[in-house]
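Here is how the chains run, residue by residue.
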Amino acid sequence: QRLITTSSLPLKAVESDFAVDSTGFGIQRFYRHYSAKYGHEQYARDYLKVHAMVGVKTHIVTAVSITDRDQHDSRQFKPLVEATAQNFTMAEISADKAYSSRDSLAFVESVGAMPFIPFRSNSKADKKAPAWDRLFHFNNFRRDEFLAHYHKRSNVESCFSSIKRVFGDFVRSKTPTAQTNEVLLKVLAHNIVCLVHSIHELGIAPMLDV
């Protein structure tokens, strides 16, 4: 965790807009679950869930957490925002509907950033939640502008795709601790790749005070 954070710091002058999401990395274990679609139990490969905050410009991962497959995305949102805000000046944070809640929007504003998270179909304005109310009206009355910011979220999906394409979408380790460390190593290696690319493409000098 510390190495991943440290590897992102040379880009803190470059990144101000961020996107958050989760993805799965398969492990060497299967589980059984009931499928309403097929009407019977099925076997599926178990997986670890990776929750990450990603800079939309360079795809650097600024904060990450690893959970089991049943952990809901929204529970990891605040820790990821808080960890990133400690080192980066955050202007925007985009995420999908899984992160839509009054508390999440208020927390984003508390760290000085603007949230761009779409609303569920049954959502309504709420004057008792100022952050929610502001974004709700922005979403409804300035829809095109809202979507232009929200679609920066696709960068986190590109980041996950890159990690899986280069370093694989499954882990070979057998114990829980080793599995978590293997996934974290994939993320760390990805950050080093992003940092090297940024040095050449953006012409930055990756100076870091330690």
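Residues numbered from 1 in each chain as written. Predicted model: local features only at pLDDT ≥ 70, side-chain atom pairs only at ≥ 80, totals over all residues. Heavy atoms only, no water.

A. Quick peek at unusual backbone geometry. For histidine 59, which is not glycine, the phi dihedral falls at a positive 70°. Looking at where histidine 59 falls in the secondary structure, it is placed in the loop between β2 (40-55) and β3 (61-68). (Helix = DSSP H or I, 4+ residues; strand = E, 2+ residues; numbered from the N terminus.)

B. Geometry of the packing of helix α4 (residues 130-141) against helix α5 (residues 143-150). Packing of α4 against α5 leaves a shortest axis separation of 5 Å and a crossing angle of 110°. With respect to their mutual orientation, α4 and α5 come out roughly perpendicular. Of the residues in α5, those in contact with Leu135, Phe138, Asn139 and Phe141 of α4 are Arg143, Glu145 and Phe146. Split into classes, the residues belonging to the contact of α4 with α5 amount to four nonpolar, one polar and two charged. (Axes fitted to C-alpha atoms, helices over the stretch in contact; angles between N-to-C directions. Parallel < 35°, antiparallel > 145°, perpendicular 65-115°, else oblique. Contact = heavy atoms within 4.5 Å. Nonpolar A, V, L, I, M, F, W, Y, C, P; charged D, E, K, R; others polar.)

C. Representation of the side chain of glutamate 182 in the model. The topology assignment puts glutamate 182 in helix α7 (residues 176-201). The buried charged residue glutamate 182 lacks any salt bridge, with lysine 186 as its nearest oppositely charged partner at 4.5 Å. Reaching out from glutamate 182, the side chain makes a polar contact with the side chain of serine 173 at a distance of 2.5 Å. For glutamate 182, the residues in contact, after removing those within four places along its chain, are Phe170, Val171, Arg172 and Ser173. (Buried < 20%, exposed > 50% of the residue type's maximum accessible area, 1.4 Å probe, protein only. Lys, Arg positive; Asp, Glu negative; His and termini not counted. Salt bridge = Lys/Arg side-chain N within 4 Å of Asp/Glu carboxyl O. Polar contact = N/O pair within 3.5 Å; in protein donor to acceptor, adjacent residues only side chain to side chain.)

D. Here's a closer look at the packing of helix α6 (residues 154-167) against α7. Contact geometry for α6 and α7: axes closest at 10 Å, N-to-C directions at 105°. When the interaxial angle is binned, α6 and α7 end up roughly perpendicular. Residues Cys159, Ser162, Ile163 and Phe167 of α6 lie in contact with α7, whose contacting residues are Lys186, Val187, Ala189, His190 and Val193. Of the residues contributing to the contact of α6 with α7, the split by class is six nonpolar, two polar and one charged.

E. Molecular detail of helix α2 (residues 74-85). With twelve residues, α2 should cover 16 Å at 1.5 Å per step; its first-to-last C-alpha distance of 17 Å lies within 8% of that length. Buried within α2 are the following residues: Gln76, Phe77, Leu80, Val81 and Thr84. For α2, the buried positions fall inside an angular range of 135° around the axis, keeping them on one side. (Expected span 1.5 Å × (residues − 1). Arc of directions from axis to C-beta.)

F. Representation of the pattern of salt bridges within the structure. Applying the stated criterion to the full structure yields eleven salt bridges. Across the salt bridge formed by aspartate 126 and arginine 102, the nearest N and O atoms sit 2.8 Å from each other. Of this pair, aspartate 126 sits in the loop between β5 (114-116) and α4 while arginine 102 sits in helix α3 (residues 102-110); the two residues are 24 residues apart in sequence, bridging distant segments of the chain. When salt bridges that share partners are traced, they join Asp21, Asp96, Arg153 and Glu157 into one network.

G. Region of the structure containing the nonpolar core. Membership of the largest hydrophobic core comes to 27 residues, with the highest contact counts inside it found for Val20, Met53, Phe77, Met90, Ile93 and Leu105. Sorting the residues of this core by element identifies β1 (17-35), α2, α3, α4 and α5 as the ones contributing at least two each. At five residues, α4 tops the list of elements feeding residues into this core. Those residues in contact with leucine 105, other than ones at most four positions away along the chain, are Pro115, Ile117, Phe119, Ala131, Trp132 and Leu135. Membership of the second largest hydrophobic core comes to 21 residues, among which are Ile4, Val56, Val61 and Phe160. (Core = buried A, V, L, I, M, F, W, Y, C linked by side-chain atoms within 4.5 Å.)

H. Seen up close, the packing of aromatic side chains. By the definition in use, this model includes eight aromatic pairs. Between phenylalanine 116 and phenylalanine 138, the aromatic rings sit 6.0 Å apart at their centres with planes inclined by 65°, giving edge-to-face as the arrangement. With phenylalanine 116 in strand β5 and phenylalanine 138 in helix α4, the pair connects residues that are 22 residues apart, well separated along the chain. The pair phenylalanine 116 / phenylalanine 138 is uniform in exposure class, with both members buried. Pairing phenylalanine 146 with tyrosine 150 gives two aromatic rings, centres 6.4 Å apart and planes at 10°, and the pair type is stacked. Linking phenylalanine 146 with tyrosine 150, this pair stays in helix α5, spanning four residues, or about one helical turn. The pair phenylalanine 146 / tyrosine 150 is uniform in exposure class, with both members buried. Among the aromatic residues, those joined into a ring-pair cluster are Phe116, Phe138, Phe146 and Tyr150. Between the NZ or CZ atom of arginine 102 and the centre of the ring of tryptophan 132, over which it lies, the distance is 4.2 Å. (Phe/Tyr/Trp six-rings, centres within 6.5 Å; stacked < 30°, edge-to-face > 60°. Lys NZ or Arg CZ within 6 Å of the ring centre and 35° of its normal.)

Note that every value here comes from positions in space, so none of it alone points to a role or purpose.
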